[in-house]
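Analysis of the macromolecular model
Chain by chain, the residues run as shown.
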Amino acid sequence: MSAPRASVKSRPTRIQGEAEPRVPVLKDASLESVADFINQGKAKNIIVMSGAGISTAAGIKDFRTPGTGLYDDLKRFNLPYPQAVFDISFFKPTLTHYFLPLLAKKGLLLRSYTQNIDMLERLTGLDPDLLVESHGSFATSKCIKCDTMVDSDIVKKHILKSEIPHCKKCGGLVKPTITFFGEELPPRFGTLAMVDFKKCDLLIVLGTSLQVEPFNRLITRVPESCPRLLINRERAGEDIYGGFDFNGKWKYPNVRDALFLGSCDEGTRKLAKLCGWEDELQAMYEAGNIKMQEAEELEALTLAKEQEEEEKAGTNVKGGSKDTKDTKDTKDTKDTKGAKDAKNAKSAKDVKDTKDSDDLDSLTERFQATNLSSTTEKADAKKDSKETPYKVASKTESKIKNSDPSVK
Ligand code: OAD
């Protein structure tokens, strides 16, 4: 599958003789029409395609919205601290994210294709098999040279220290498995898209400007009779060949494309309501929030406990200066004895050893002083790092990672 690239705008045209959906599959371009389609049992293989717009309500900025988008003004990225960009526990799934497991529970979700790397879909408990993270995610990291998977926590530690993580096997650079422009998309994207989109009988597109290829082209891969719904703050996907045609402005009247202009949460809530699922969606959202809250509290407790243990260990290290001195004394006695033995030696080599041994006391003392201070520093540094919420994130992510379908 090709690498992501910004879409080149082109005026849509129809190829003469191209097959067209002659029979309208939707009454009109409204959400109500889509709900009717679902309520009539016509949608059994729903595909959801999503983008940054589904996560803005969680506090994560999208890329292209003027004034607030990440690309427009990175400085206004509303994070309490820069590392929060790695702190998955800082962000919680939105109501829209819970629409996915709701569809899955109804047995209607064929797959969810997201461009987002924030992993919020996973936090809803959505079966990982039903998820395609088209632009990768932070859950895993790998060497760009030999493809060896590397623990993402290790990578983050390097990044936070402004160090470049390298592969232990081949020395290559290691980076999170997110897809940059010019890089190949995960193989899972191409493999599944090829099969899934042919089977799709309702496409729901949420919170994306549909400006990045090849992801945006997927909307053209569903059968001609498959209705397509866009829920977004602005119109999108109309300038793609075979893309949305909400007003029938092309050669043929619109028979299958629906549009809800507004927030993703409003749109999915309204759709759920029209299908009689609103209470269920709300209940899943609230239960999810409680679960996340509990998980956070548990982590906070675990952290506090760990910190206490660290502090105790720290005290031991400080108290350890005495222990270390005792050890040193014992070692010195031994070493001095060795030095004395060496002094008795008659060979030239033994004479040299004797000279070295004369310096042993001061050398040992210096070595132990250095070692002791670095141990104490390490303990303090570790203690400090425990106090940052980043640590909470890494733990949460480790849990998530265990459910990552790409991690064997
Ligand atoms: P964009 O920022 O391009 O588009 C987000 C869309 O969501 C815009 O059309 C917004 O109007 C809309 N939007 C924002 N908040 C919304 C909300 N609460 N409810 C409804 N709509 C909302 O983000 P993406 O389309 O996801 O790729 O961008 C796609 C790709 O571009 C990203 O995956 C990334 C980026 O470059 C790579 O990094 C490879």
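Conventions and cut-offs
Each chain has its residues counted from 1, following the order in which its sequence is written. Since the coordinates come from a predicted model, pLDDT governs what is reported: local features require at least 70, and pairs of side-chain atoms require 80 or more to be given and counted, while whole-chain, interface and lining totals use all residues. The side-chain quantities take in all heavy atoms of the structure and omit both hydrogens and water. UniProt positions are given in the numbering used here, feature names are shortened, and annotations may be inferred rather than shown by experiment. Helix numbers and strand numbers start at the N terminus; a helix is a DSSP run of H or I with at least 4 residues, a strand a run of E with at least 2. A simple rule labels every residue: compare its accessible area, found with a 1.4 Å probe on the protein chains alone, to the largest value its type can have, and call it buried under 20%, exposed over 50%, or partly exposed in between. In this description, contact between two residues means that some pair of their heavy atoms is separated by no more than 4.5 Å. Any two strands are treated as partners once DSSP identifies two or more bridges connecting them. Arc, as used here, means the arc of the directions from the helix axis to the C-beta atoms. Under this definition, polar contacts are N or O atom pairs within 3.5 Å; protein pairs additionally need one hydrogen-donor-capable and one acceptor-capable atom, and for neighbouring residues in sequence, both atoms have to be side-chain atoms. An axis is simply a line fitted to the C-alpha atoms; with a helix, the fit covers only the stretch in contact. Between two such axes, the angle follows the N-to-C directions and lies from 0 to 180 degrees. Each residue is assigned to one of three groups, with Ala, Val, Leu, Ile, Met, Phe, Trp, Tyr, Cys and Pro labelled nonpolar, Asp, Glu, Lys and Arg labelled charged, and all others, Gly among them, labelled polar. Put simply, a nonpolar core is a bunch of buried Ala, Val, Leu, Ile, Met, Phe, Trp, Tyr and Cys residues held in one set by side-chain atoms that sit within 4.5 Å of each other. In this scheme Phe, Tyr and Trp rings, the latter by its six-membered ring, pair at centre separations within 6.5 Å, and the angle between planes marks the pair as stacked below 30 degrees, edge-to-face above 60, and tilted otherwise. Only when the NZ of Lys or the CZ of Arg is both within 6 Å of the ring centre and within 35 degrees of the ring normal is a charge said to sit over the ring. Geometric relationships in this document are graded by angle, where less than 35 degrees denotes roughly parallel, more than 145 denotes roughly antiparallel, 65 to 115 denotes roughly perpendicular, and other angles denote oblique. Two helices that cross are described as forming a left-handed crossing if the nearer one is turned anticlockwise from the farther one by less than a right angle, and a right-handed crossing if clockwise. Think of a salt bridge as a Lys or Arg side-chain nitrogen and an Asp or Glu carboxyl oxygen that are within 4 Å of each other.

What UniProt calls "binding site: Zn(2+)" (unreviewed entry) maps, in this numbering, to Cys143, Cys146, Cys167 and Cys170. Spanning 28 residues, the annotated positions come together in the fold, the maximum distance between their C-alpha atoms being 8.5 Å. Turning to its location among the elements, Cys143 is positioned in strand S5 (residues 136–143). Take Cys143: its relative accessible area is 0%, and that puts it in the buried class. As for its position among the elements, Cys146 is in the loop between S5 and strand S6 (149–150). Excluding its chain neighbours within four sequence positions, the residues that come into contact with Cys146 are Cys167, Lys169 and Cys170.

Okay, the pairing of strand S10 (residues 228–232) next. Across the five residues of S10, five count as buried, placing the element largely inside the fold. Residues Arg228, Leu230 and Asn232 of S10 are buried on one face, and the alternating residues Leu229 and Ile231, pointing to the opposite face, are buried as well. Here five bridges tie S10 to strand S11 (residues 257–261), and the two strands are oriented parallel to one another. Paired with Leu229 across the two strands is Ala258, which belongs to S11.

So, about helix H4 (residues 152–160). Of all the residues in H4, the buried ones are Ser152, Asp153, Val155 and Lys156. The arc that holds every buried residue of H4, seen down its axis, measures 155°, which confines them to one face. Among the residues of H4, the N-terminal cap falls to Asp151, whose side-chain oxygen and the backbone nitrogen of Asp153 are separated by 2.9 Å. Of the residues flanking the end of H4, it is Ser162, one or two places downstream, whose phi is positive at about 55°.

Okay, the packing of helix H2 (residues 95–105) against helix H6 (residues 264–274) next. Packed helix pairs are characterised by how far apart their axes lie and by the angle those axes make with each other. Relative to each other, H2 and H6 sit at 35°, their axes nearing to 8 Å. Contacts between H2 and H6 involve Leu95, Thr96 and Phe99 from the first element and Cys264, Asp265, Thr268, Arg269, Leu271 and Ala272 from the second. Across the contact of H2 with H6, the residue classes tally to five nonpolar, two polar and two charged.

Mapped onto this numbering, the UniProt entry annotates "active site" (unreviewed entry) at His135. As for its position among the elements, His135 is in the loop between strand S4 (131–133) and S5.

Moving on, we come to the nonpolar core. Ile38, Phe99, Ile204, Leu271 and Trp277 are the most contacted members of the largest nonpolar core, which totals 35 residues. Listing elements by their share of this core, those giving two or more residues are helix H1 (31–39), strand S2 (46–50), H2, strand S8 (202–206), S10, S11, H6 and helix H7 (278–344). When residues of this core are assigned to their parent elements, the largest contribution, six residues, is made by H2. In this structure Ile204 touches Ile46, Ile47, Val48, Met49, Phe99, Leu229 and Leu271, once residues within four positions along its chain are discounted.

Bringing the packing of aromatic side chains into the picture now. Tallying each qualifying case throughout the model produces five aromatic pairs. Between the aromatic rings of Phe244 and Phe246, the centroid separation amounts to 5.0 Å while the plane-to-plane angle is 25°, which identifies the pairing as stacked. The pair Phe244 / Phe246 is uniform in exposure class, with both members buried. Three or more aromatic residues joined by ring pairs form one cluster here, namely Tyr113, Phe189, Phe197 and Phe215. Positioned above the aromatic ring of Phe180, the side-chain terminus of Lys175 is 4.6 Å from the ring centre.

Following both chains from N to C, one finds H1 and H6 inclined at 45°, their axes separated by 9 Å at the closest point. When the axis of H1 is compared with that of H6, the two are oblique. At the point where H1 passes H6, the crossing takes the right-handed sense. Side by side, H1 and H6 meet where Leu31, Glu32, Val34, Ala35, Ile38 and Asn39 of the first sit next to Gly267, Lys270, Leu271 and Leu274 of the second. Considered class by class, the residues forming the contact of H1 with H6 number six nonpolar, two polar and two charged.

So, about the pattern of salt bridges. The final tally for this structure, using the stated rule, is 13 salt bridges. The shortest N-O distance in the salt bridge between Glu280 and Lys106 comes to 2.8 Å. Taken together, the residues span a long stretch of sequence, with Glu280 in helix H7 and Lys106 in the loop between H2 and strand S3 (109–114) at a distance of 174 residues. With a relative accessible area of 31%, Lys106 lands in the partly exposed category. Among the ionic pairs, Asp153 bridges to Lys156, the shortest N-O distance being 3.8 Å. Placement of both Asp153 and Lys156 in helix H4 is noted, with a separation of three residues, approximately one turn of the helix. There is no split in this pair, since Asp153 and Lys156 are both buried. Where salt bridges share partners, they join Lys105, Lys106 and Glu280 into one cluster.

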